[in-house]
Amino acid sequence: MATVVERFARYSASLRDASLPPEALHAATRCLVDWFAATVPGGVEPPATLLVDAFAEEIDHGKSQLVPSGRKATARAAAFTNGAASHSIEFDDIYRDAIYHPGVVTIPAALALAQSRGLTGSALLRAIIAGYEVGTRIGVAVNPAHYEFWHTTGTVGCFGAAAAAAAALGLDAERTAHALANAGTMAAGLQQAFRADCMGKPMHAGHGAEVGVTTALAAERGVTGALDILEGARGFGAAMSQGVDWETALTGLGSRYNITAMTQKNHAACGHVHAAIDAVLILKQQHKLTVDRIKRITARTYGKALEVAGNTDARTVFEAKFSLPYCLAAAMVVGSVRVDAFSEARLRDPAIHRLMGRVAMEVEPTLDAAFPRQRAAIVEIETTDGERHTHYAPTRKGDPDAPLSDAELNDKARELMAPVLGAAATEDFLASLWRIERAGDLATLVPALSSRRFAGAAE
C-alpha cells in the first residue's frame, strides 16, 4: 500500500499536465501578488538584508533573483532570503484551518527554481498550487495539537515547499515522494522563536523554502528518503502531533482546491489579533468614537490569541505586532493597523500607550472551542460618559468568508510596494503579475524592481 507521501507525490507530479480550474489558477495568481506585496518591503529590512551578506558566496551567481533588488543568486540562497523577507512584516497569507502561512515557504521555493530552470508563468502557478494543496492538508491534519510547540510554517512548510519545488523541476511521482520524505526529517520551527523579539520567526520561512529546494534537487539526482515519514511510528505525525487522521488529510485532493480559500491579511500584525482589530475599527466608525472618550476596551477571543499576542508592554515593532493591546490602541489612534501603525513615531506615541492600559483581554470559551477553523472576537468599548458598544467579529476581513477583492489586494500591494519601488514601477510590476499565466521565461521577472532605488541599495 502506498504511503501518505507517495499519495501526495502522485498528485503533485500530476499537476504538470493536469487540467486545472480557472478559479485555482486565479487564486494562485492572487497568492503571488500578495506574496510580492509582503516580500518587497520585507526585502529591505533585516533579516533579509543580513542574509544577503551571510550568503555572499552565493549572491551574484546563479539564475534566481532576490526581491526587491533583482540581484542574481543561487536557487537555495534566493529561496531562503526571499522566504525570510516575505515573513518579516507580518503581512503574508494564511490557511486558517492549518494555522499556517503557505505563501512564504511555497512561493520562494517555486520561484527560485522556476527562474533557475527557465520555466513559464503557467508552470510557476502549477508549482505554487502543488505546494499549497499538499502543505495545507498536512497542516490541517496535524493541528491544533502541533501548534502547541511548533510553528507550522517552519515545519509543515518544508513539505509545501518540497512539493512546489518538485513540481517546478518536473519530478515524477517517485522522486517527488523522496523529496517530501526528506523534507519531513528536516522540518523544524519552534514557537519559542516568536515569543521573543528576534529574527527567528522569518528564518523559519526561509528555512522551509530552502529545505524544499534542497530536497527536490537532491531527489532529482536520486537521493532517497523514508517514505513513511508522516505516518511511521517515529515519524512526523507521532513526534509532532497527536492522533493524526491521514486519510482525512488526503480527502478532496484534486477536486477541492484549498488555495481558493486563503486568508490575505488586511492588517500588518499577527493574524490572531485581526478579528478584534476589525471589531474596534467598526465600532470606531459606527459610533464616531474618539480616543479621549474611551474608558475601557474589552476584547474576548480564543485562548491561543492571548497566548501568542497578549503582550501588554510592546516597545519594539516585533512586540507591537504580537500585542493585542497595542494593535487595538493603534486602531483607535491611527485608524488602521497597517505600516504606519508600527513606525518609530507610533511606537513612542503616548496616546497609544495610554490607551493600551485601558485594554482588557479575556478568553471566550465558545470562541476558544471554535479555534482554529474560526478566528473570531467580541469587543466591547465603554466610553467615559457611560455608553457601551459591542461588536462580534465572527471572522476576519481577508478570510475566505470575507475575502479581499482583487481591487483591495491591489490597493494593499500598492501601499506596501510603492514606498520601495516608486508608484510607476509598482503599477508596471502589478500588471505583469496579473498576467503571469501568459508569461514566458521568468528569469527577468524582477527587473522592474531592480531598476529603482530602494532602501540600502544604489541605483
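Residue positions within a chain follow its written sequence, with the count starting from 1. In keeping with the predicted nature of the model, local features appear solely for residues at pLDDT of at least 70, side-chain atom pairs appear and are counted solely at 80 or more, and the whole-chain, interface and lining totals rest on all residues. Heavy atoms throughout the structure, all of them, feed into the side-chain values; hydrogens and water do not.

Caption draft 1: Just the overall build of the protein chain, in detail. Only DSSP runs of H or I reaching four residues or more are called helices, and only runs of E reaching two or more are called strands; each is numbered from the N terminus. A tally of helices and strands in the protein chain yields 21 helices and six strands. We compute the radius of gyration over the C-alpha atoms and compare it with the globule rule, which gives 2.2 Å times the number of residues raised to the power 0.38. Taken over the C-alpha trace, the protein chain has a radius of gyration of 21 Å; the compact-globule value for 459 residues is 23 Å, and the two agree within 12%. Here the C-alpha coordinates of the protein chain stretch approximately 70 × 55 × 40 Å along the principal axes. Between buried and exposed lies partly exposed: a residue is buried under 20% and exposed over 50% of the maximum accessible area for its type, with that area taken using a 1.4 Å probe on protein chains only. For the protein chain, buried positions account for 60% of its 459 residues. The long-range fraction of contacts in the protein chain, counting pairs at least 24 apart against all pairs at least 6 apart in sequence, stands at 77%. Contacts were defined at the residue level, with two residues in contact if any of their heavy atoms lie within 4.5 Å.

Caption draft 2: Representation of the state of the cysteines. Only a pair of cysteine sulfur atoms within 2.5 Å counts as a disulfide in this structure description. The final tally for this structure, using the stated rule, is zero disulfides. Left without a disulfide partner, Cys158 is nearest to the cysteine sulfur of Cys198, which lies 18 Å away. The class of Cys158 is buried, set by a relative accessible area of 0%.

Caption draft 3: Structural context of helix 4 (residues 75–86). To estimate how far a helix should extend, the number of its residues minus one is multiplied by 1.5 Å. Its twelve residues give helix 4 an end-to-end C-alpha distance of 16 Å, which sits within 8% of 16 Å, the value for a rise of 1.5 Å per residue. Within helix 4, eleven of the twelve residues are buried, leaving the element largely enclosed by the surrounding structure. Looking at helix 4, one finds that the buried residues are Ala75, Ala77, Ala78, Ala79, Phe80, Thr81, Asn82, Gly83, Ala84, Ala85 and Ser86. In the core, the buried residues of helix 4 are packed alongside helix 2 (22–42), helix 3 (48–54), strand 1 (59–65), strand 2 (72–73), helix 5 (103–116) and helix 9 (200–220).

Caption draft 4: Inspection of the pattern of salt bridges at higher detail. A side-chain nitrogen of Lys or Arg and a carboxyl oxygen of Asp or Glu constitute a salt bridge if their distance falls within 4 Å. Scanning the model with the defined rule gives 31 salt bridges in all. A salt bridge links Glu307 to Lys304; the shortest N-O distance between them is 3.3 Å. One end of the pair, Glu307, and the other, Lys304, are both in helix 13 (residues 303–309), three residues apart, so they sit about a helical turn from each other. What makes Glu307 partly exposed here is its relative accessible area of 40%. With a relative accessible area of 7%, Lys304 lands in the buried category. Arg414 is the salt-bridge partner of Asp411, the closest N and O atoms lying 2.9 Å from each other. You can see Asp411 and its partner Arg414 sitting in helix 19 (residues 406–421), three residues apart, about one turn around the helix. Assessed through its relative accessible area of 28%, Arg414 is described here as partly exposed. Here the salt bridges do not stand alone but share partners, grouping Arg96, Asp97, Arg373, Arg396, Asp399 and Asp401 into one network.

Caption draft 5: Just empty space enclosed by the protein, in detail. A 1.4 Å probe that fits but cannot get out identifies a cavity on a 1 Å grid over protein atoms alone, an open set with protein on both sides within 12 Å along at least five of seven lines counts as a pocket, and a residue lines either if it has an atom within 4 Å of a point. Grid points are joined across faces, edges and corners, and a volume is the space filled by probe spheres set on the points. The tally for this structure, following the rule as stated, stands at two cavities of 30 Å³ or more. Within this model, the largest cavity holds a volume of roughly 150 Å³. The wall of the largest cavity is formed by 16 residues, among which His101, Tyr147, Cys270, Gly271 and His272 lie closest to the centre. Along the lines of polarity and charge, the residues of the lining of the largest cavity split into seven nonpolar, four polar and five charged. A volume near 30 Å³ is recorded for the second largest cavity. Just so you know the grouping, Ala, Val, Leu, Ile, Met, Phe, Trp, Tyr, Cys and Pro go in nonpolar, Asp, Glu, Lys and Arg go in charged, and all remaining residues, Gly too, go in polar. Of the residues assigned to the lining of the second largest cavity, the class counts are three nonpolar, two polar and one charged.

Caption draft 6: Representation of the packing of helix 12 (residues 274–286) against helix 15 (residues 324–334) in the model. Working convention: axes come from line fits to C-alpha atoms, limited for helices to the stretch in contact. Angles between N-to-C directions cover 0 to 180 degrees. Two elements in contact, helix 12 and helix 15, have axes whose closest approach is 9 Å; the angle formed by their N-to-C orientations is 25°. Taken as axis vectors, helix 12 and helix 15 run roughly parallel relative to one another. Crossing hand, helix 12 versus helix 15: right-handed. Across from Ala276, Ile277, Val280, Leu281 and Lys284 in helix 12, the residues of helix 15 making contact are Leu324, Cys327, Leu328, Ala331 and Met332. Its residues assigned to classes, the contact of helix 12 with helix 15 comprises nine nonpolar, no polar and one charged. Each angle is binned into one of four classes, with values under 35 degrees roughly parallel, values over 145 roughly antiparallel, values of 65 to 115 roughly perpendicular, and all other values oblique. Each crossing gets its hand from how the near helix is turned against the far one by less than a right angle, where anticlockwise is left-handed and clockwise is right-handed.

Caption draft 7: Representation of the packing of aromatic side chains. When the centres of two rings from Phe, Tyr and Trp lie within 6.5 Å, Trp using its six-membered ring, the rings pair. Their planes under 30 degrees apart give stacked, over 60 give edge-to-face, and anything left gives tilted. Following the criterion strictly, the structure yields eight aromatic pairs and no others. Between Phe36 and Phe429 the ring centres are 4.9 Å apart and the planes differ by 90°, which places this aromatic pair in the edge-to-face class. Here Phe429 lies in helix 20 (residues 423–434) and Phe36 lies in helix 2, a separation of 393 residues in the sequence. Across this residue pair, the class does not change: Phe36 and Phe429 are buried. Consider the ring centre and the ring normal. A charge sits over the ring if Lys NZ or Arg CZ is within 6 Å of that centre and within 35 degrees of that normal. Here Lys321 stacks its cationic end above the ring of Phe342, 4.3 Å away from the centre of that ring.

Caption draft 8: Fine view of the layout of surface pockets. For the largest pocket, the calculated volume is near 690 Å³. Lining of the largest pocket is provided by 29 residues; of these, Glu45, Ser88, Ile89, Val317 and Lys321 occupy positions nearest its centre. When contributions to the lining of the largest pocket are tallied by element, the ones reaching two or more residues are helix 9, helix 14 (317–321) and helix 19. Considering each element in turn, the lining of the largest pocket owes the most residues, four residues, to helix 19. The residue makeup of the lining of the largest pocket, split by class, is 19 nonpolar, three polar and seven charged.

Caption draft 9: Representation of the nonpolar core within the structure. To define a nonpolar core, start from buried Ala, Val, Leu, Ile, Met, Phe, Trp, Tyr and Cys residues and group those joined through side-chain atoms within 4.5 Å. Of all hydrophobic cores here, the largest spans 144 residues; its most connected members are Phe36, Ile128, Ile129, Leu230, Ile259 and Ile297. Of the residues forming this core, the biggest block, twelve residues, is contributed by helix 2. Counting ten residues, the second largest nonpolar core, distinct from the first, contains Phe194, Ala305, Phe318 and Phe322.

Caption draft 10: Broad picture of the side chain of Gln65. With respect to the secondary-structure elements, Gln65 resides in strand 1. Two N or O atoms count as a polar contact when they lie within 3.5 Å, although within protein this holds only if one can serve as hydrogen donor and the other as acceptor, and sequence-adjacent residues are included solely when both atoms are side-chain atoms. For Gln65, the side chain forms a polar contact with the main-chain oxygen of Gly70, separated by 3.3 Å. Here Gln115 takes part through its side chain, which lies 2.8 Å from a polar atom of the side chain of Gln65.

Caption draft 11: The arrangement of unusual backbone geometry in detail. For the peptide bond that leads from Pro46 to Pro47, omega is 5°, which places it in the cis range. Summarising the element assignment, Pro47 is placed in the loop between helix 2 and helix 3. Omega for the bond connecting Asn143 with Pro144 falls within 30 degrees of zero, at 10°, which places this linkage in the cis form. For Pro144, the location among the structural elements is in the loop between helix 6 (121–142) and helix 7 (152–169). Even without a glycine there, the phi angle at Glu90 is positive, about 60°.

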